[in-house]
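# Structure assessment
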Amino acid sequence: MNIYLDIDGVLLANDKMVANGAKEFLEFVTENHNCYWLTTHCRDGNPDWAVEYVNKIAGIDTEILKKIKPCRPWATFKTEAINFDTPFLWLDDDLFEGERRALKEHNALDNMEYIDLAHDPDQLIKITKELQNVKIMHMSHALSYLMGAEEIKDSELKSLGIEIKNTTKDGDRMLVIPAEKLSSYIELVKSKLTNGFWNEIIGEKEITFIFKFKNGHTKEYKLSPENEQEIDALCAKFNNEPPDKTANVYKYISDNNFYHDFMMKHYADLINRKLEK
Ligand SMILES: [Mg+2]
């Protein structure tokens, strides 16, 4: 979508200080959206001063700032510069009555994010999180809770476009894998997973298990009700647990908080089905 950015009171808390989280916010939006300056600092369509100004006060790389394009010129109201035919978000700490009216006419009042940093200094941090969550919701992706893979570096995952949502104290990583990178990820896991561990990868349509035995041999399964007991037995063996504890593997997986909502969305029937004894 298009994102229109004011500077003063939005990216900058004041004329000396950057807003909390502005750098991470800009890194994310310039990477994932079309960003436009919508500020008096770039009213004539030349973005140079806006870039220089934010760079000087916020210390944000000009590389990032140069990805923000000048918006079309406006005379009285900033809404003149907004393209209402394309989904957009406009961040500003001011909203004139004429602008409010224009937004309302286009049924777009919710597309304006009113910024009030005096009231909430962390507003940009929250907006970044929301935008990231929206992205994940819409992206076709898989999830994987990666344990026992010291050999796999964060940088290797990131270079595949994989997002590390969280890392636990023990070094377990919670990964969001773009659908088109799934096979590269599976290859990486097979070659570098620590012996004696397994990794499961939860896609929207299929769940992959990769077991790496103590001797380094790997075995890959696509989970189905037919091979569920075999997978269950292997999980139990790898964990030194009795197998019956995990008889419904779909349910077992969904008990992991990281997978829970995603599993309920895509596999509710299999999780809730009754197993014959
Ligand atoms: Mg302002």
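Residues numbered from 1 in each chain as written. Predicted model: local features only at pLDDT ≥ 70, side-chain atom pairs only at ≥ 80, totals over all residues.

## Overview of the overall build of the protein
When you go through the protein residue by residue, the secondary structure sums to 10 helices and 11 strands. Compactness check: the protein gives a C-alpha radius of gyration of 24 Å against a globular reference of 19 Å for 277 residues, more than 25% above the reference. For the protein, the proportion of its 277 residues judged to be buried stands at 29%. Considering only residue pairs separated by 6 or more positions, the protein has 54% of its internal contacts joining residues 24 or more positions apart. (Helix = DSSP H or I, 4+ residues; strand = E, 2+ residues; numbered from the N terminus. Rg over C-alpha atoms; globule rule 2.2 N^0.38 Å. Buried ≥ 20, exposed ≤ 12 C-beta atoms within 10 Å, placed from the backbone. Contact = placed C-beta atoms within 7 Å.)

## Let's talk about helix H8 (residues 228-239)
Side chains three or four residues apart in an α-helix point the same way, a direct result of the helix having 3.6 residues per turn. With 12 residues, H8 extends 16 Å from end C-alpha to end C-alpha; this agrees with the ideal 16 Å at 1.5 Å per step. In the stretch just after H8, Asn240 is the one whose phi turns positive, near 55 degrees. (Expected span 1.5 Å × (residues − 1).)

## Concerning the sheet that holds strand S4 (residues 88-92)
Spatially, the 5 strands line up as an open sheet ordered S3-S2-S1-S4-S5, and their pairing is parallel. Two strands bound the open sheet, and with one partner strand each, they are strand S3 (69-70) and strand S5 (112-114). Here S4 runs beside S5; their pairing, made up of 3 bridges, is parallel. Bridge assignment links Leu91 to a residue of S5, and that residue is Glu113. (Pairing = 2+ DSSP bridges.)

## Let's talk about the environment of Arg273
If you trace the backbone, Arg273 turns up in the segment after helix H10 (257-272). Since 12 C-beta atoms lie within 10 Å of it, Arg273 is described here as exposed.

## Description of the domain arrangement of the protein
Domain annotation for the protein reports domain 1 (2-135) and domain 2 (140-272). Taken over C-alpha atoms, the centre of domain 1 sits 39 Å from the centre of domain 2. (Domains from an automatic or database assignment.)

## A look at the sheet that holds strand S8 (residues 173-178)
The antiparallel open sheet is built from 6 strands, whose spatial order is S7-S8-S6-S9-S10-S11. A single partner strand is all that each edge strand has here, and the edge strands are strand S7 (163-167) and strand S11 (218-222). The sheet shows a mean angle of 15 degrees between the axes of neighbouring strands, taken without regard to direction. Pairing of strand S9 (residues 197-202) with strand S10 (residues 207-212), which is carried by 6 bridges, proceeds in the antiparallel orientation. Among the inter-strand pairings, Ile201 is bridged to a residue of S10, identified as Thr208. H10 contacts strand S6 (141-146), S8 and S9 of the sheet and is inclined by roughly 155 degrees relative to S6. (Axes fitted to C-alpha atoms, helices over the stretch in contact; angles between N-to-C directions.)

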